[in-house]
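# Descriptive structure summary
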Amino acid sequence: MPKRTPPIFPAAAERLTALGARLRAARLRRRMTQAALAARADVSLPTLRKLEQGEGSSSLATLLRAMEVLGLDHDIDLLAKEDELGRRLQDIRQVGAPRGRRKP
């Protein structure tokens, strides 16, 4: 049975395409072929091609391995680092005195 990939929203698809283009540009700046990057990242050539084309079927682990080979793995630490919305929601829930038993 073929693997079914869930649909991706158009804005997310654009981001994946842009990410793939940035990875391809980074590879080309290093004068590395797709075959060399695929071998060093231990992924198949078709998988690397899908990653560079921005297809959403590649795993996060595949992306990270490719980024490690390109020397870009530190960028992964920036993902979801600043969660402004989450912090504001957390602060809203903490308004008021803490609940529970009062200390005498």
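An unreviewed UniProt entry annotates the protein chain as Transcriptional regulator originating from Rhodanobacter thiooxydans.

### Digging into the nonpolar core
In this structure, Leu23, Leu37, Leu48, Leu51 and Leu70 are the most contacted members of the largest nonpolar core, which totals 15 residues. Examining the composition of this core, we find that five residues originate from one element, helix α4 (residues 60–70), more than from any other. Non-local contacts of Leu70, meaning those with residues more than four positions away in its chain, are made with Leu23, Ala26, Arg27, Arg30, Met32 and Leu37.

### Observations concerning the layout of surface pockets
The calculated volume of the largest pocket comes to roughly 160 Å³. Every residue along the wall of the largest pocket is listed here: Arg15, Leu19, Arg22, Leu60, Leu63, Met67, Asp75, Ile76 and Leu79. Taken together, the elements giving at least two residues each to the lining of the largest pocket come down to α1 (10–29) and α4. Tallied by class, the residues present in the lining of the largest pocket amount to six nonpolar, no polar and three charged.

### Considerations on a nonpolar patch on the surface
Together, Leu85, Leu89 and Ile92 make up an exposed nonpolar region whose accessible area comes to about 300 Å². By the secondary structure assignment, Leu89 is in helix α5 (residues 84–93).

### Some words on the packing of helix α2 (residues 34–41) against helix α3 (residues 45–53)
The contact between α2 and α3 brings their axes to 9 Å, and the two run at 110°. Comparing the axis directions of α2 and α3 gives the class roughly perpendicular. Packed against α2, whose contacting residues are Gln34, Ala35, Leu37 and Ala38, the element α3 presents Leu45, Leu48, Arg49 and Glu52 at the interface. Of the residues in the contact of α2 with α3, the class split is five nonpolar, one polar and two charged.

### Here we look at α4
Among all positions of α4, only Thr62, Leu63, Ala66, Met67, Val69 and Leu70 are buried. Down the axis of α4, the buried side of the element spans an arc of 160°, and every buried residue falls inside it.

### Quick notes on the confidence of the model for the protein chain
Segments scoring low in pLDDT should not have their predicted coordinates read at a detailed level. For the protein chain, mean pLDDT is 89; residues scoring 70 or higher make up 88% of the total. When mean pLDDT is compared element by element in the protein chain, α2 scores highest at 97, while α5 scores lowest at 87.

### Side note on the pattern of salt bridges
Under the defined criterion, the tally for this structure stands at one salt bridge. Of the charged contacts in the structure, one is a salt bridge between Arg27 and Glu52, with a shortest N-O distance of 2.6 Å. Placement of the pair is Arg27 in helix α1 and Glu52 in helix α3, with a sequence separation of 25 residues. Judged by relative accessible area, which is 8%, Glu52 ranks as buried.

What counts and how
- Residues numbered from 1 in each chain as written.
- Predicted model: local features only at pLDDT ≥ 70, side-chain atom pairs only at ≥ 80, totals over all residues.
- Heavy atoms only, no water.
- Core = buried A, V, L, I, M, F, W, Y, C linked by side-chain atoms within 4.5 Å.
- Buried < 20%, exposed > 50% of the residue type's maximum accessible area, 1.4 Å probe, protein only.
- Helix = DSSP H or I, 4+ residues; strand = E, 2+ residues; numbered from the N terminus.
- Contact = heavy atoms within 4.5 Å.
- 1 Å grid on protein atoms, 1.4 Å probe; cavity = no way out; pocket = protein on both sides within 12 Å on 5 of 7 lines; lining within 4 Å.
- Points joined across faces, edges and corners; volume = space filled by probe spheres on them.
- Nonpolar A, V, L, I, M, F, W, Y, C, P; charged D, E, K, R; others polar.
- Patch = residues over 30% accessible without salt bridge, like charges linked within 9 Å, V, L, I, M, F, W, Y side chains within 5 Å.
- Areas by Shrake-Rupley, 256 points an atom, 1.4 Å probe, with all protein chains shown as cover.
- Salt bridge = Lys/Arg side-chain N within 4 Å of Asp/Glu carboxyl O.
- Axes fitted to C-alpha atoms, helices over the stretch in contact; angles between N-to-C directions.
- Parallel < 35°, antiparallel > 145°, perpendicular 65-115°, else oblique.
- Arc of directions from axis to C-beta.
- pLDDT = per-residue confidence, 0-100.

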